[in-house]
Amino acid sequence: ESLPTVFGSLLNEIDYKSDLSRIYKTEEELATRWSSVEEFVNAMAGYEQRAEKPNPRDFLDEITLFDRGDAGDDKATQLARNAVALMTLHAAKGLEFPQVY
């Protein structure tokens, strides 16, 4: 079966939408959160079409790397723009920063 189908089945089996409705009380909040889930499934479908041998681990690696900043910009270039960089300690490993908060 395809990754989006398996993921959709998992969401249905655990009744994730009901859990979201328990956490987010307004229809607007729920719709926003569910829209994010649907976008995740759409991204998974796009990945599956591009990948030679699609698998969940490679998909998660791809979306994680995609969100790490602008394509083509390294960390030094991003910091040279006089901006605040927010990242986990793990992502900052090996990098030097003049100030850390």
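As the structure is a computational prediction, the values presented were derived from the model and not from experiment.

Draft legend 1. Representation of the packing of aromatic side chains within the structure. With the rule as written, the count across this model stands at three aromatic pairs. For the pair F7 and F40, a centre-to-centre distance of 5.1 Å together with 55 degrees between the ring planes defines the contact as tilted. Taken together, the residues span a long stretch of sequence, with F7 in helix α1 (residues 3–13) and F40 in helix α3 (residues 27–50) at a distance of 33 residues. Classification of F7 by relative accessible area gives partly exposed; the value is 21%. One aromatic cluster is present, built from ring pairs that chain together F7, F40, Y47 and F59.

Draft legend 2. Molecular detail of the environment of G8. The topology assignment puts G8 in helix α1. Sequence separation between G8 and V37 is 29 residues, and the spatial gap between their C-alpha atoms is 9.8 Å.

Rules used in this analysis
Residues numbered from 1 in each chain as written. Predicted model: local features only at pLDDT ≥ 70, side-chain atom pairs only at ≥ 80, totals over all residues. Heavy atoms only, no water. Phe/Tyr/Trp six-rings, centres within 6.5 Å; stacked < 30°, edge-to-face > 60°. Helix = DSSP H or I, 4+ residues; strand = E, 2+ residues; numbered from the N terminus. Buried < 20%, exposed > 50% of the residue type's maximum accessible area, 1.4 Å probe, protein only.

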